[in-house]
Amino acid sequence: MDNYLEHLNQSQCTAVRQLEGPMMVIAGPGSGKTRVLTYRIAHLIKSGTDSFNILALTFTNKAAKEMRNRIESIVENHEARNLWMGTFHAVFSKILRIEAEKINYTSNFTIYDTADAKSLIKSIIKEMGLDKDLYKPAVIQNRISSLKNSFISPKDYGNSPELLQTDKIARRDAFGSIYQKYNKRCVKSGAMDFDDLLLNTYHLLNEFPDVLYKYQNKFKYILVDEYQDTNHVQYLIIKKLAALNENICVVGDDAQSIYSFRGANIQNILNFKVDYPDFKTFKLEQNYRSTSNIVNLANSLITHNKKQIEKEVWTKNNEGEKTIVCKTLNDNEEGRIVANTIYQLYIKEKTNWQDYAVLYRTNAQSRALEEALRKKNIPYKIYGGLSFYARKEVKDVLAYFRICINPKDEEALKRIINYPTRGIGATTLQKLIIAANNNEVSIWEVIESLEKYEVKINKGSTEKLNQFATLINSYIVQKDKLDAYALAEQIAKNSGVFHDLYSDKTAEGVSRFENLQELLNGIKDFSEKAVAGENKLELFMQDIALLTNADNEKDDDYNKVTLMTIHAAKGLEFPYVFVVGLEENLFPSMMTMDSRDGLEEERRLFYVAITRAEKRLFLSYALSRFKWGQYTDCNPSRFLEELNKKFIEESIIKLNEKVAEKKPYKIFAKTKTPTKPKPRITKNLKKVSATKQNVNASNLQNLQVGVNVKHSRFGKGKILKIEGSDANKKATVFFEGVGQKMLLLKFARLEILS
DNA sequence: GTATTATCTAAGTCT
DNA sequence: TAGATAATAC
């Protein structure tokens, strides 16, 4: 591609041509930030820089992949393939595997995901005999994570009167001890959590000058995307790596900083000026993405934030239509209206399904939307919730793979030691854990030498444990002989997992079995594509350890409406965007409203949501929403009032009106259900519980004394007595051949026999 | 030790 | 509502 610089505007071009020295690009939404990054890397390569010497850090794997493809198409040879590009976590885990021995790990270390980490914390709390209501695993986990991101080790923690005092007041004196034990157990298991990947990289670079020098020399040019969302540890690592050459380019937008809960720190942008006094700043302020109505609407919102770097986002684009704000009765109606509108636009404007995105604050909101889209036969894909690799059945098989690669992996071991059931129960496992703790070794080491560690268990259990050890060892022997697929298939079948999932013929069971097959297919694909010698299961596992479901897109997911959280939508754009659930306590979220900073971050989040839209934007809220089992009244979000009414469809906004209009989108008449597009439910979708004709809120009142009912376990029976009301309604039922039982109707799925 | 059912309780964004 | 845990039956 010749004259590739001609594809850039003035300010983009100057930013791209500035190859040397520290620089910061402040880029508004839709201003071509990614374009500057890709062209800058391409320009570096075209100007003779060895791509081995470039490091580009992105926020998602997907962004890295797309950017690499674009760069390859610009430089038109394979020069770009040596480029190091990926997320912080991916790039650093690669470095850590190379240098593992230096920090007392081996290169086969496991990466614990959030679920693994939480499970470990849970068992530590249990082993210490602490009250799990006082020590909630999720809370402890968050606290450990934020301490790690602030460089506070368990030792530092113990030396800080302030921190100790905080926990004393919260009656969590044992926190420090949990933290310490957690770290110890991770090391013993040869495992790192997500935070460790960053922290250990920092320690590696800090304590081994030769290693630091090696990477400083390697990465002569460093580029960082989404700089506003880097945390303190990431900041320090970049600073270290860039110290020798100072060719560092960071790109970001303070107005789009939405990850403070993960330790992201706007201070990093301000620090930049201190660290590199002779840095250059570039501002990209022209928006190419959205209509002027959308750009101006977004601007009118963000001015309500006090903390901001000065910049003016503007556009030459058409005015476009005004944004529509829609009041709905409840979440179901909101879903219906969104689905109807999408369908209408799809027909009227001859668009594709992938032109639409529905964005929400929390994953739980996807339910009502899914249902509505399904009813209208609109194909959709949903990001968020569980990633494919986080599903129980997938994690179980992966746990076998993990054990083969790193037998010390405690969390993997706990998953499979009794799955499929082989008679090694909770009591035996507890004994093993205690022995492992007492001897400061991993559970696996205890299993391999039961006598040595003096584990007191009966003969039967000993025999079973020995069988288990033999089984795992047989896999370990095969590990280096077989390719990834052959090994995976053998393990899945030989361990009994395959059979266990196959024999479950319920709808959920079938879907679980399909997921297992999908996993195996993925591994097969990997084996076939990999170069000889690189087709081992270990490498497959490294590949997937840091993948999210956004990276797992299938080919048939292409033409579908996208449903995702706003966080997940960062960096993306869609012609038509629906932002739903604009209600107080939901957006802004309840937890953020007591601090100015929290509220400002929510506002930035809304800003991100608005600026995803290219052509049209729809905002909606419900007067009532189904939350934790019942309908709750809602008020419209304060953010709606902050929007400049000039850019909004006035007739629709009636915030103070009590009664919802029947057809809030007057532009679209009543719709018919389409027949053409087939519903495609992807495997990524959350399963929707089959709606049985059981008793639910609506026909609860039909249950009266004397009515004949059927219970899934107790069989047929007759209601003798009803007491309580609403959610706590109970019935005393006499079941044939079983006797009298008192049941909470909310849970007992009684079928009415007429 | 295992499997099933009853009851309780939480409630957010993600690598 | 759903996921986790406790209680119960086998």
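These figures come from a predicted structure and were not determined experimentally. (Residues numbered from 1 in each chain as written. Chains lettered and ligands numbered in written order. Predicted model: local features only at pLDDT ≥ 70, side-chain atom pairs only at ≥ 80, totals over all residues. Heavy atoms only, no water.)

A.B. asks: When you look at the overall build of chain A in this model, what are you seeing that I'm missing?
C.D. replies: Each helix and strand counted, chain A has 28 helices and 20 strands in total. Considering only contacts within chain A whose residues lie at least 6 apart along the sequence, 75% involve residues at least 24 apart. Total accessible area on chain A stands at roughly 35,500 Å², and carbon and sulfur atoms take up 50% of it. (Helix = DSSP H or I, 4+ residues; strand = E, 2+ residues; numbered from the N terminus. Contact = heavy atoms within 4.5 Å. Areas by Shrake-Rupley, 256 points an atom, 1.4 Å probe, with all protein chains shown as cover.)

A.B. asks: Can you help me understand the packing of helix α4 (residues 88–99) against helix α11 (residues 209–218) in this one?
C.D. replies: Each pair of packed helices can be described by the angle between their axes along with the distance between the axes. α11 packs onto α4 with a crossing angle of 135 degrees between their chain directions and a minimal axis gap of 13 Å. As summarised for this structure, α4 and α11 are arranged oblique, according to the angle between their axes. You can see that α4 and α11 cross each other, and the crossing is right-handed. Along the contact surface, α4 presents Ile95, Ile98 and Glu99, while α11 presents Val211, Lys214 and Tyr215. Tallied by class, the residues present in the contact of α4 with α11 amount to four nonpolar, no polar and two charged. (Axes fitted to C-alpha atoms, helices over the stretch in contact; angles between N-to-C directions. Parallel < 35°, antiparallel > 145°, perpendicular 65-115°, else oblique. Left-handed = near helix turned anticlockwise from the far one by under 90°. Nonpolar A, V, L, I, M, F, W, Y, C, P; charged D, E, K, R; others polar.)

A.B. asks: Would you explain the pattern of salt bridges in this entry?
C.D. replies: When the charged atoms of two side chains with opposite charge come close together, those side chains can pair. If you walk through the whole model with that rule in mind, you get 37 salt bridges. Notably, a salt bridge pairs Lys102 with Glu99, separated by 3.1 Å at the nearest N-O pair. Put simply, Arg604 and Glu601 hold a salt bridge, and the shortest N to O gap is 3.2 Å. In this pair, Arg604 and Glu601 are both assigned in helix α27 (residues 596–610), three residues apart and thus about one turn of the helix distant. The exposure class of Arg604 is buried, given its relative accessible area of 7%. Residue classification places Glu601 among the buried residues on the basis of a relative accessible area of 9%. What emerges from the salt-bridge pattern is a single network uniting Lys33, Asp225, Glu226, Asp229 and Lys570. (Salt bridge = Lys/Arg side-chain N within 4 Å of Asp/Glu carboxyl O. Buried < 20%, exposed > 50% of the residue type's maximum accessible area, 1.4 Å probe, protein only.)

A.B. asks: Explain the packing of aromatic side chains to me, please; I cannot follow it from the model alone.
C.D. replies: What describes a pair of aromatic rings is the distance from one ring centre to the other and the angle between the planes of the rings. On inspection of all chains with the given rule, the structure shows 24 aromatic pairs. Both rings, one in Phe272 and one in Phe279, keep their centres 5.7 Å apart while their planes meet at 80 degrees; by these two values the pair is edge-to-face. Take Phe272 and Phe279: they sit in the same class, and that class is buried. Where Phe578 meets Phe618, the ring centres are 4.5 Å apart and the plane angle is 10 degrees; that geometry is what we call stacked. (Phe/Tyr/Trp six-rings, centres within 6.5 Å; stacked < 30°, edge-to-face > 60°.)

A.B. asks: Any chance you could explain the side chain of Glu642 here in plain terms?
C.D. replies: Its location among the elements puts Glu642 in helix α28 (residues 638–642). There is a polar contact of 2.7 Å between the side chain of Glu642 and the side chain of Arg603. Not counting residues within four places of it along the chain, the set of residues in contact with Glu642 comprises Ser300, Leu301, His304 and Arg603. (Polar contact = N/O pair within 3.5 Å; in protein donor to acceptor, adjacent residues only side chain to side chain.)

A.B. asks: When you look at the pairing of strand β13 (residues 574–579) in this model, what are you seeing that I'm missing?
C.D. replies: A regular strand carries its side chains on alternate faces of the sheet. The buried fraction of β13 amounts to six of the six residues, a majority that puts the element mostly inside the structure. Here strand β10 (residues 356–360) pairs with β13 via four bridges, running parallel. Residue Tyr356 lies in a different strand from β13, and its bridge partner there is Tyr576. As paired strands, β13 and strand β14 (residues 613–627) are joined by five bridges and run parallel to one another. Within β14, the residue paired with Tyr576 across the bridge is Arg616. (Pairing = 2+ DSSP bridges.)

A.B. asks: Explain helix α9 (residues 175–188) here, please?
C.D. replies: Taking 1.5 Å of rise per residue, the 14 residues of α9 would be expected to cover 20 Å, and the 20 Å separating its terminal C-alpha atoms lies within 8% of that figure. Here α9 has its buried residues at Phe175, Gly176, Ile178, Tyr179, Tyr182, Arg185, Cys186 and Lys188. (Expected span 1.5 Å × (residues − 1).)

A.B. asks: Sorry if this is basic, but what is going on with the environment of Ile443 here?
C.D. replies: Take Ile443: it is sitting in helix α20 (residues 443–448). Assessed through its relative accessible area of 3%, Ile443 is described here as buried. Put simply, Ile443 and Gln165 are 278 residues apart on the chain and 35 Å apart in space, counted from C-alpha to C-alpha. Leaving out residues up to four positions away in the same chain, Ile443 has contacts with Glu410, Leu413, Leu432, Ile433 and Ala436.

A.B. asks: What exactly am I supposed to notice about the pairing of strand β6 (residues 221–224) here?
C.D. replies: The alternating pattern of β6 places Tyr221 and Leu223 and Ile222 and Val224 on opposite faces, both of which are buried. When strand β2 (residues 54–58) meets β6, the two strands line up parallel, connected through four bridges. Residue Ala56 lies in a different strand from β6, and its bridge partner there is Leu223. Examined bridge by bridge, β6 and strand β7 (residues 248–252) share three bridges and lie parallel to one another. Following the sheet pairing, Leu223 is matched in β7 by Cys249.

A.B. asks: Even after reading the chapter, I still don't get the environment of Val187, so can you show me in this structure?
C.D. replies: The topology assignment puts Val187 in helix α9. The exposure class assigned to Val187 is partly exposed, which follows from its relative accessible area of 44%. For the pair Val187 and Phe109, spaced 78 residues apart in sequence, the C-alpha to C-alpha distance is 9.3 Å.

A.B. asks: For this particular structure, what's the right way to read the packing of helix α5 (residues 114–127) against α9?
C.D. replies: Two elements in contact, α5 and α9, have axes separated by 10 Å at closest approach and are oriented at 125 degrees. For the element pair α5 / α9, the angle class is oblique. With respect to the hand of their crossing, α5 and α9 are arranged in right-handed fashion. Here α5 contributes Ala117, Leu120, Ile121, Ser123, Ile124, Ile125 and Glu127 to the contact with α9, which in turn contributes Ile178, Lys181, Tyr182, Arg185 and Cys186. A breakdown of the residues in the contact of α5 with α9 according to their chemical character gives eight nonpolar, one polar and three charged.

A.B. asks: Help me out: how do you make sense of the sheet that holds β2 in this one?
C.D. replies: Note: strands within a sheet are paired through backbone hydrogen bonds, in either parallel or antiparallel orientation. Taken in spatial order, the six strands of this open sheet run β3-β2-β6-β7-β1-β8, and their pairing is parallel. The two strands at the open ends of the sheet, each matched to only one other strand, are β3 (84–87) and β8 (280–284). Direction aside, the axes of adjacent strands within the sheet are offset by 15 degrees on average. Across four bridges, β2 lies against β3 in parallel orientation. Bridging across to β3, Ala56 finds its partner in Met85. Contacting β2 and β3, helix α3 (residues 61–75) runs over the sheet at an angle of about 150 degrees to β3.

A.B. asks: Any chance you could explain unusual backbone geometry here in plain terms?
C.D. replies: Excluding glycine, most residues fall at negative phi; most peptide bonds, likewise, are trans. The residue after Tyr419, namely Pro420, is reached through a cis peptide bond having omega -10 degrees. The linkage connecting Phe587 with the following residue, Pro588, adopts the cis geometry, with an omega of 10 degrees. Along the chain, the position of Pro588 falls in the loop between β13 and α27. Positive phi outside glycine occurs at Lys350, with the angle close to 50 degrees. Note on placement: Lys350 falls in the loop between α15 (331–348) and β10.

A.B. asks: Before we go on, may I ask you to explain the environment of Leu450 in this structure?
C.D. replies: Its location among the elements puts Leu450 in the loop between α20 and α21 (459–479). Judged by relative accessible area, Leu450 falls into the buried class, the value being 5%. Linking Leu450 and Asn317, residues 133 residues apart in sequence, is a C-alpha distance of 73 Å.

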